[in-house]
Amino acid sequence: MKKLAYSELLSEHKNLQKSFDKSNTYNIGVISNTIVNQFKEIIEYNLLINNIYSKVTLGDYDNIVQDSIKFKEYDLVVIFWDICNIIDGFQYEIELYDNKTIDEVINKIKNEINLVFKNLSKSSLVIFNSFSDLSFSSLDIQKNKLNYLKDNLNTFLENNLPENFKLINIEKIFCKIGLDNSFDYRFFYSSKSLYSIEFYKSYTLHISPLILAVKGKSKKALIFDCDNTLWKGILGEDGFNGIEMSKHSKNGKIFHEIQKIAITLNKKGILLGLCSKNNQSDVDEVIKNHPGMLLNDDVLTIKKVNWIDKASNLLEISKELNIGLDSIVFIDDSSFEINLIKEQLPDIITIQVPVKLYNYPKLLRENVSLFHNLSYSNEDLQKSKMYKEQVIRNSEKNNFNSIEDYLSSLQLKIKVYDNEKSIIPRMSQMTQKTNQFNLTTKRYTEKDIENFIDDSSFNILSWSVDDKFGENGITGLCIINLLLDKKIAIIDTYLMSCRIIGRNIEFSIMDYIIDSLKKIGINKVSASFIETAKNSQVKDFYKKNSFIQSTKTKNQINFELLIDNYTYHYINYIKIENGK
Amino acid sequence: MENKLKNVLSIVFNVDINKINNESSPDSIPNWDSLAHMNLVVALEEEFDVEFNDDEINEMLNYALIKEILNNKI
């Protein structure tokens, strides 16, 4: 619809209307205090292409309260209540009002809103656009009176909204298409018509999932191909160890995110399934045992993993799940498969994994509204839970008397990985990006890291840090050169991402390193601090870890430690374990 | 260009394309009210990739005038 010119849309609208059965008309009443006539054909057209015949009736200009009585029997009522036209010229007049007058205006509008709430209390669905001042607001730092009024009214709406009302944050649409594209001021000044055609199109696409849900047309199942769709790589060629979907690898993290989005949908009741050309036993092995695979048999309702064509498989899926083809969304990376489904089963919505992989999560997210369902209580619950967690996180920070108390409440857990090949890109990236907590600031390529791993006289440790609020990913690295015959270890690199600084992680890790060096018979450790413009915060790091300064040059300080002289930190609130 | 123009008018005002002539105006086309006029402007702007200012919009009083204004633009 977005690409259709306005006149094309009008003519398509007319043509489509002719062929529809009008006995089951979905009646929409539009109430507004500005002119929104152009909305009519656009939303009617959009619903037509979704197989819904609707008729939009526009209310009288600026007659919101009375119209709300007129439309109370309608299937859907949409309310455009624009503050720029609350009183003629309100957008500039308000700045000259005194506070008392503004509060009177606010109270008047609140009373009217309450009347609208009451008049439409029995309606099946009402879409109420939040108030926005962006059409006539300078994007100023300082709050002006229009901002104040808007915030006040929106808070009132949020706190008092009846259950059958859906509040639409109209500013999301402005964000999406830009303020300049949202309004047509020519027609505002000549006809009190504020919005552009582009706005109505985006707005319609934004709210139509609500209507589709009411009409039982939301999507119910999300079916994934596997190779290069759920993970990077081809299982049959790259093998179990060659596919990537780990949060810690460059390509894998995209697929990790995709799987997380899928799980989120599943939690809202969306069915998940697989439709892939692969050996079933191979894929089952991945589902069962691959550490990166998040979609397991608890969330996968259906699996069609075989060498039969995908159209037949998707037909089977529709039958077995007892849902219509038009309830299915299918994702695949291959244009061949996507086109096959588009041609053979056009009712199925297809999504092709973009070539620019970094756009993949965004693309999936944009399509999430296809699965919109009206029984939002579950999600609302989750949302409120999330807010609660955030509140707890912040308040906990304030509640604790000492930072130690706070840290010990975090349930910090470090996982240490030894010479782990699957995260070479991340390890290399850390050497290249980390500046502050970096003792020697040596930059290494992926190949360099690989060479270290292959060289038995080097040991590379990396670690991830989790707390009770979530995971922080691989955030630390230590490269140690072992001269086993001399019983000496040289710390070549020691770095940590700034994300995890300030939690005493570095000391726990040092305990761990010294311990493991002891076990292999090392009795002396040497290390150095190479000064850069950014790493002064770690200048004393080795001193704090029982090392003694040995030699010093212009920008380098060398340290030594006789391992038996090491004083353990023993930080009891940090758990440390091997990641394998 | 005339065909394209007539086509837009026919779609926006929902009239037979053959009934549109130089004299066509709000007086002869019942659906041509001030709101439909807005739709006409937007549709023409998209179709011919032009932008009209206030004065031009107000001067589009009949088909012949629209044609003239548009001709000056493209």
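All figures in this text were calculated on a predicted structure; none of them were measured in a lab.

*Asks:* Explain the overall build of chain A to me, please; I cannot follow it from the model alone.
*Replies:* Along chain A, the regular secondary structure elements total 21 helices and 19 strands. With 580 residues in all, chain A has 35% of them scored as buried. Expressed as a percentage of contacts within chain A between residues at least 6 apart in sequence, the contacts between residues at least 24 apart total 68%.

*Asks:* I would appreciate a short explanation of the overall build of chain B in the present structure.
*Replies:* Scanning chain B for helices and strands turns up four helices and zero strands. Of the regular secondary structure in chain B, the N- to C-terminal order runs α-α-α-α. Taken across its 74 residues, chain B has 27% of its residues classed as buried. Pairs at least 24 apart in sequence give 49% of the contacts found in chain B among residues at least 6 apart.

*Asks:* Mind showing me how you'd approach the pairing of strand β4 (residues 126-129) of chain A here?
*Replies:* Both faces of the sheet carry side chains from a regular strand, because those side chains alternate between them. Residues and elements named next belong to chain A. Relative to β4, strand β3 (residues 76-80) runs parallel, the two being bridged by three bridges. Note that in β4 the partner of I79 across the bridge is F128. With respect to chirality, the unit in which β4 leads through helix α6 (residues 145-160) into the neighbouring parallel strand β5 (residues 165-168) is right-handed.

*Asks:* Could you clarify how one ought to interpret the interface of chain A and chain B in this entry?
*Replies:* Interfaces are often sized by the amount of accessible area the parts lose when they come together. With 14 residues of chain A at the interface, the matching set in chain B holds 13 residues. Sorting the residues of the side of chain A that touches chain B by element identifies α1 (6-18) and α9 (185-191) of chain A as the ones contributing at least two each. Across the side of chain A that touches chain B, the residue classes tally to six nonpolar, seven polar and one charged.

*Asks:* What exactly am I supposed to notice about the confidence of the model for chain B here?
*Replies:* It should be kept in mind that the predicted coordinates are not to be read in detail where pLDDT is low. All names here are of chain B. Across chain B, the average pLDDT comes to 92, with 100% of residues at 70 or higher. Mean pLDDT in chain B bottoms out at helix α3 (residues 54-59), which sits at 90, and peaks at helix α2 (residues 34-48), which reaches 93. Per the prediction output, this complex has pTM 0.65; the corresponding ipTM is 0.87.

*Asks:* Help me understand the sheet that holds strand β9 (residues 328-332) of chain A in this model?
*Replies:* Across a sheet, strands are paired by hydrogen bonds formed along the backbone, either parallel or antiparallel in direction. Residues and elements named next belong to chain A. In space, the five strands of this open sheet follow the order β8-β7-β6-β9-β10, with parallel pairing throughout. Across the chains shown, the open sheet's two edge strands, defined by having one partner strand only, are β8 (300-306) and β10 (349-352). On average, adjacent strands in this sheet sit at an angle of 20° to one another, irrespective of strand direction. Bridge analysis of strand β6 (residues 221-224) against β9 gives four bridges, and the strand direction is parallel. By the bridge assignment, I223 is partnered in β9 with F330. Docked against the sheet, helix α15 (residues 335-344) engages β9 and β10, running at close to 165° with respect to β10.

*Asks:* Please explain the nonpolar core as it appears in this structure.
*Replies:* One broad rule of soluble globular proteins: the nonpolar side chains tend to lie buried together. Ranked by internal contacts, the top residues of the largest apolar core, which has 71 residues, are A:V77, A:I79 and B:V12. Here this core gets eight residues from one element, more than from any other, and that element is helix α10 (residues 197-214) of chain A. Ignoring anything within four residues of it in the chain, the contact list for A:V77 reads A:G29, A:I31, A:F71, A:L120, A:S123 and A:V126. One finds A:I423, A:F452, A:I460 and A:L495 within the second-largest nonpolar core, a separate group that totals 44 residues.

*Asks:* Looking at this model, I keep getting lost on unusual backbone geometry. Mind explaining?
*Replies:* Trans is the prevailing form of peptide bonds, just as negative phi is the prevailing case for residues other than glycine. Residue and element names in this part refer to chain A. Residues other than glycine seldom take positive phi values, yet K487 does so here, at roughly 60°. Residue K487 is classed as partly exposed on the basis of its C-beta count, with 14 C-beta atoms lying within 10 Å. Phi is positive for S546, close to 70°, though the residue is something other than glycine. For S546, the location among the structural elements is in the loop between β16 (524-530) and β17 (548-552). Look at S546 and you get partly exposed, because 18 C-beta atoms sit within 10 Å.

*Asks:* I would appreciate a short explanation of the environment of A:E44 in the present structure.
*Replies:* Residue and element names in this part refer to chain A. Within the element layout of this structure, E44 appears in helix α2 (residues 39-48). Residues E44 and Y26, spaced 18 residues apart in sequence, show a C-alpha to C-alpha distance of 9.7 Å. Not counting chain neighbours up to four residues away, the residues in contact with E44 comprise H13, S54 and V56.

*Asks:* I keep staring at the packing of helix α5 (residues 99-119) of chain A against α6(A) and nothing clicks. Help me out?
*Replies:* Between two packed helices, the angle of one axis relative to the other and the distance separating the axes together describe the packing. All names here are of chain A. At a minimum axis distance of 11 Å, the contact between α5 and α6 shows a crossing angle of 30°. When the axis of α5 is compared with that of α6, the two are roughly parallel. Handedness of the crossing formed by α5 with α6: right-handed. Every residue of α6 that contacts α5 at I102, I106, I109, K110 and I113 is listed here: K145, L149, N152, L153 and F156. Here the residues of the contact of α5 with α6 are counted per class, giving seven nonpolar, one polar and two charged.

*Asks:* Is there a simple way to think about the pairing of strand β1 (residues 26-32) of chain A in this case?
*Replies:* All names here are of chain A. Here β1 lies mainly inside the structure; five of its seven residues are buried. Note: β1 against strand β2 (residues 54-58), five bridges, orientation parallel. Paired with Y26 across the bridge in β2 is S54. With α2 bridging β1 and its parallel neighbour β2, the resulting β-α-β unit is right-handed. With five bridges connecting them, β1 and β3 associate as parallel partners. Note that in β3 the partner of S32 across the bridge is F80.

*Asks:* Looking at this structure, I do not really get the sheet that holds β3(A). What am I missing?
*Replies:* Residue and element names in this part refer to chain A. Pairing is parallel across the open sheet formed by five strands, whose spatial order is β2-β1-β3-β4-β5. Since the sheet does not close on itself, it has two edges, and those belong to β2 and β5, each with one partner. Taking the axes of each pair of neighbouring strands and ignoring which way they run, one obtains an average angle of 20° across the sheet. The pairing of β4 with β5 spans four bridges and is classified as parallel. Following the sheet pairing, N129 is matched in β5 by I168. Where α2 meets the sheet, its contacts fall on β1 and β2, and the angle it forms with β2 comes to roughly 165°.

*Asks:* Is there a simple way to think about helix α12 (residues 252-267) of chain A in this case?
*Replies:* Since one α-helical turn is 3.6 residues long, residues separated by three or four positions face the same way. Residues and elements named next belong to chain A. For α12, with 16 residues, the first-to-last C-alpha span of 23 Å sits near the 22 Å given by 1.5 Å per residue. Along α12, the residues that are buried comprise G252, K253, I254, F255, H256, I258, Q259, A262 and L265. Close packing links the buried residues of α12 with β6, β7 (271-277) and α16 (360-367). One or two residues past the end of α12 sits G269, with phi positive at roughly 95°.

Rules used throughout
Residues numbered from 1 in each chain as written. Chains lettered and ligands numbered in written order. Predicted model: local features only at pLDDT ≥ 70, side-chain atom pairs only at ≥ 80, totals over all residues. Helix = DSSP H or I, 4+ residues; strand = E, 2+ residues; numbered from the N terminus. Buried ≥ 20, exposed ≤ 12 C-beta atoms within 10 Å, placed from the backbone. Contact = placed C-beta atoms within 7 Å. Pairing = 2+ DSSP bridges. Right-handed = clockwise from strand over helix to strand, strands pointing away. Nonpolar A, V, L, I, M, F, W, Y, C, P; charged D, E, K, R; others polar. pLDDT = per-residue confidence, 0-100. Axes fitted to C-alpha atoms, helices over the stretch in contact; angles between N-to-C directions. Core = buried A, V, L, I, M, F, W, Y, C linked by C-beta atoms within 7 Å. Parallel < 35°, antiparallel > 145°, perpendicular 65-115°, else oblique. Left-handed = near helix turned anticlockwise from the far one by under 90°. Expected span 1.5 Å × (residues − 1).

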